[in-house]
Amino acid sequence: MTVYFIGAGPGDPELITVKGQRLLRQCPVILYAGSLVPAEVLEGHRAEQVVNTAELNLREIIELIHAAHRNGRDVARVHSGDPSLYGAIGEQIRQLRALDIPFQIIPGVTATAACAALLESELTLPDISQTLILTRYAHRSPMPEGEQLHDLARHRATMAIHLGVSHLAQIVAELLPHYGPDCPVAVVHRASWPDQDWACGTLADIEEKVCAKGFTRTALILVGRVLGAEAFSDSALYHAEHRHLYRPS
């Protein structure tokens, strides 16, 4: 018996991996985060038990997994995006290890990747940014020392900020001294879902544009000069004079 933590992707049911879909369709027990995972992701399953865990707490989820373990039934534990990013799987894994229950993590497409695709952007460009910071806005729980938004903003790298659209004014205020008012920003609401929407602007005007859209939750904030950039060097990878194992001199 194995628990599979499966990344369902950001919303589009076709963005689950082939491996994730295969396991989802063969596991007799499915526990999925219904608040973020669309029901369409489960199509084609043959599970004997399907539970939406949106209203369950950690203890109740572990009890369901433990029962499946006692009965020798594999569990598809389905999370949105990639389960290793803000998936709260760490606390589940800690419990499973204590109970000696085997598990595997199946990666998924992240919300950040879906937003970049929607915006037709590469998030790492030569001369502009070679670093991507994935973070969240500190609200209900504090950030570790050195990970406050103003600390990370000093790097001026491309940044993806989760769980922050309702605090956009504070986020802009922390970013402005480091990125400048003309720095491009995009706020993407429910990337890859049928009702996806977005607002693009700069730190100077993004609050007004997001307010007009009415985004208050389930949105990702992308900031950085890679967004819409045109003036950057070509990478060495495809340069005619660049030699490597597959293109020797």
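Residues numbered from 1 in each chain as written. Predicted model: local features only at pLDDT ≥ 70, side-chain atom pairs only at ≥ 80, totals over all residues. Heavy atoms only, no water.

Overview of the nonpolar core
Threshold: Take the buried Ala, Val, Leu, Ile, Met, Phe, Trp, Tyr and Cys residues and link them wherever side-chain atoms come within 4.5 Å; each set so joined is a nonpolar core. Think of it in three bands: residues with accessible area under 20% of the maximum for their type are buried, residues over 50% are exposed, and the middle band is partly exposed, with areas taken using a 1.4 Å probe on protein chains only. Only DSSP runs of H or I with at least four residues qualify as helices, and only runs of E with at least two residues qualify as strands; both kinds are numbered from the N terminus onward.
One finds Met159, Leu175, Tyr179, Val187, Ile206 and Val210 to be the most contacted residues of the largest nonpolar core, which totals 25 residues. Residue assignment for this core shows that the elements contributing at least two residues are helix H5 (149-153), strand S7 (158-162), helix H6 (168-179), strand S8 (184-189), helix H7 (206-213) and strand S10 (219-223). At five residues, the largest contribution of residues to this core is made by H6. If you look at the next biggest cluster of nonpolar residues, it comprises 17 residues, including Ala33, Ala47, Val78 and Ile106.

Some points on H6
What counts here: What the arc covers is the set of directions going from the helix axis to the C-beta atoms. Contacts: residue pairs with any heavy atoms within 4.5 Å of one another.
Inspection of H6 places Leu168, Ile171, Val172, Leu175 and Tyr179 among the buried residues, and these make up the whole buried set. Seen end-on, H6 carries its buried residues on one side only, within an arc spanning 95 degrees. In this structure, the buried side of H6 is in contact with H5, S7, H7 and S10. Of the residues trailing H6, Gly180 is marked for its positive phi of about 90 degrees.

Side note on helix H2 (residues 58-70)
Heads up, the rule is: One less than the residue count of a helix, multiplied by 1.5 Å, gives the span that helix is expected to have. Polar contacts, as counted here, are pairs of nitrogen or oxygen atoms within 3.5 Å of one another; within protein the pair requires one atom able to donate a hydrogen and one able to accept it, and residues that are adjacent in sequence qualify only if both atoms are side-chain atoms.
Helix length check: H2 (13 residues) gives 18 Å between terminal C-alpha atoms against 18 Å at 1.5 Å per residue, within 8%. For H2, the full list of buried residues reads Ile61, Ile62, Ile65 and Ala68. Projected down its long axis, H2 carries its buried residues within an arc of 120 degrees, all on one side. Seen from the buried face of H2, the exposed residues on the opposite side, beyond 90 degrees, are Arg59 and Arg70. Residues of H2 that are buried sit in contact with strand S1 (3-7), strand S2 (29-32), strand S4 (75-79) and helix H3 (89-98). Capping the start of H2 is the job of one residue whose side-chain oxygen sits 3.2 Å from the backbone nitrogen of Arg59: Asn57.

A few points about a nonpolar patch on the surface
Heads up, the condition is: The residues that make up patches have over 30% relative accessible area and no salt bridge, and they are joined within 9 Å when like-charged or within 5 Å when they are Val, Leu, Ile, Met, Phe, Trp or Tyr. Using the Shrake-Rupley algorithm and a 1.4 Å probe, accessible areas are obtained, with residue cover drawn only from the displayed protein chains. Each reported salt bridge corresponds to a side-chain nitrogen of Lys or Arg within 4 Å of a carboxyl oxygen of Asp or Glu.
Together, Leu85, Tyr86, Leu132 and Leu134 give the surface a local cluster of nonpolar side chains, amounting to about 320 Å² of exposed area. For Leu85, the position within the fold is in the loop between S4 and H3.

Section: the pattern of salt bridges
Per the counting criterion, the structure on display carries seven salt bridges. A salt bridge links Glu48 to Arg73; the shortest N-O distance between them is 2.8 Å. Note that Glu48 is positioned in the loop between S2 and strand S3 (49-52) and Arg73 in the loop between H2 and S4, a separation of 25 residues in sequence. Take Glu48: its relative accessible area is 60%, and that puts it in the exposed class. Note that Asp195 and Arg190 form a salt bridge whose closest N and O atoms lie 2.8 Å from each other. Overall, the relative accessible area of 41% leaves Asp195 in the partly exposed class.

So, the packing of aromatic side chains
Short version of the rule: Ring pairs shown here join Phe, Tyr and Trp side chains whose ring centres sit within 6.5 Å, with only the six-membered ring taken for Trp; geometry is labelled stacked below 30 degrees between planes, edge-to-face above 60, and tilted in between. Each ring is checked for a lysine NZ or an arginine CZ that lies within 6 Å of its centre and within 35 degrees of its normal; such an atom marks a charge sitting over the ring.
Evaluation of the coordinates by the stated rule reveals one aromatic pair. Here the aromatic rings of Phe5 and Phe103 are separated by 6.2 Å at their centres, their planes lie at 75 degrees, and the arrangement is edge-to-face. With Phe5 in strand S1 and Phe103 in strand S5 (residues 103-106), this pair connects stretches of sequence that are 98 residues apart. Arg190 extends its terminal NZ or CZ atom over the ring of Trp193, reaching a point 4.0 Å from the ring centre.

Remarks on the sheet that holds S2
Applied cut-off: Between any two strands, pairing holds if DSSP finds at least two bridges. For helices, the fitted line uses only the C-alpha atoms of the stretch in contact; every axis is such a line through C-alpha atoms, and the angle between N-to-C directions lies from 0 to 180 degrees.
The strand order across the open sheet formed by five strands is S3-S2-S4-S1-S5, and the pairing between neighbours is parallel. Among the strands making up the open sheet, the edge pair consists of S3 and S5. When strand polarity is set aside, the average angle formed by the axes of neighbouring strands in this sheet is 15 degrees. When S2 meets S3, the two strands line up parallel, connected through four bridges.

Quick word on the side chain of Ser121
Among the secondary structure elements, Ser121 is positioned in the loop between helix H4 (111-118) and strand S6 (132-136). At 3.2 Å, the side chain of Ser121 and the backbone oxygen of Leu119 are in polar contact. Residues within four places of Ser121 in sequence aside, it is in contact with Ala116, Leu227 and Gly228.

Focus: the UniProt feature "domain: Tetrapyrrole methylase" (unreviewed entry) in the chain
This is how it is decided: UniProt positions are given in the numbering used here, feature names are shortened, and annotations may be inferred rather than shown by experiment.
Following the UniProt record, one finds the feature "domain: Tetrapyrrole methylase" (unreviewed entry) at residues 2-206. Structurally, residues 2-206 comprises 28% helix and 21% strand, and the distance from its first C-alpha atom to its last is 45 Å.

Quick look at unusual backbone geometry
One non-glycine residue with positive phi stands out, namely Arg156, at about 55 degrees. Position of Arg156 among the secondary structure elements: in the loop between H5 and S7.

Digging into the side chain of His189
You can see His189 is positioned in strand S8. Apart from the residues within four sequence positions on either side, His189 is in contact with Asp195, Gln196, Asp197, Phe215, Arg217, Thr218 and Ala219.

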